[in-house]
Amino acid sequence: MSASRVAVLAAVAAVLAWGSKAVAIGVAGGLDQSPLEGPLFVLGLVAIVVAFASLGAAVTRGRRPAARVIGALLGVMIGFALSILASSVAAAVVPDSAGWVQAEAGLWFSALLALAVTTLWRARRNVRYTAT
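Residues numbered from 1 in each chain as written. Predicted model: local features only at pLDDT ≥ 70, side-chain atom pairs only at ≥ 80, totals over all residues. Heavy atoms only, no water.

Draft legend 1. Structural view of the pattern of salt bridges. Under the defined criterion, the tally for this structure stands at one salt bridge. Two residues, Lys-21 and Glu-104, come together in a salt bridge whose shortest N-O distance is 2.7 Å. Here Lys-21 is found in helix 1 (residues 3-28), whereas its partner Glu-104 is found in helix 4 (residues 100-131), with 83 residues between them in sequence. Like Glu-104, Lys-21 is buried. (Salt bridge = Lys/Arg side-chain N within 4 Å of Asp/Glu carboxyl O. Helix = DSSP H or I, 4+ residues; strand = E, 2+ residues; numbered from the N terminus. Buried < 20%, exposed > 50% of the residue type's maximum accessible area, 1.4 Å probe, protein only.)

Next up, the structure:
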């Protein structure tokens, strides 16, 4: 399985984990009410880190292993910066009156951004290899 495919699948896992976390919070009646919050958060966090690390490795495809490791580390660092940006956008867009939704929106925006970036990279890569 290619690194770009792993990146997309991991991003999907992050979206599903953090979306499920939101459902668990809603069903339980608010933040810190569901025993599933912690495990689903960790699952989403691991998934989004894997997504950006795999994307970094995919970008450095065909290079030496050391370059791929550096690419994966840079992917995580850039992904972290993009997640901070997504969380900032979420904080600016979602009103204070939204309650727990505002607290969770940063995770959703981050996961959706990871999914968009990884999917676009994979699609771009596939178009490039199909055209040549």
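Draft legend 2. Inspection of the packing of helix 1 against helix 2 (residues 37-59) at higher detail. Axis separation between helix 1 and helix 2 bottoms out at 7 Å; the angle between their running directions is 160°. One way to sum up the angle between helix 1 and helix 2 is to call them roughly antiparallel. As helix 1 runs across helix 2, the sense of the crossing is left-handed. Looking at the contact of helix 1 with helix 2, its residues break down into 22 nonpolar, four polar and two charged. (Axes fitted to C-alpha atoms, helices over the stretch in contact; angles between N-to-C directions. Parallel < 35°, antiparallel > 145°, perpendicular 65-115°, else oblique. Left-handed = near helix turned anticlockwise from the far one by under 90°. Nonpolar A, V, L, I, M, F, W, Y, C, P; charged D, E, K, R; others polar.)

Draft legend 3. The nonpolar core, seen in detail. Counting eleven residues, the largest nonpolar core consists of Ala-10, Ala-11, Ala-14, Trp-18, Ala-47, Ile-48, Ala-51, Phe-52, Leu-107, Ala-111 and Ala-114. Put simply, the parts of the chain that give this core at least two residues each are helix 1, helix 2 and helix 4. Discounting chain neighbours no more than four positions away, the residues touching Ala-47 are Ala-10, Ala-13 and Ala-14. Grouped together as the second largest cluster of nonpolar side chains are six residues, Ala-3, Leu-55, Ala-57 and Trp-121 included. (Core = buried A, V, L, I, M, F, W, Y, C linked by side-chain atoms within 4.5 Å. Contact = heavy atoms within 4.5 Å.)

Such coordinate-based values are descriptive only and should not be taken to indicate function.
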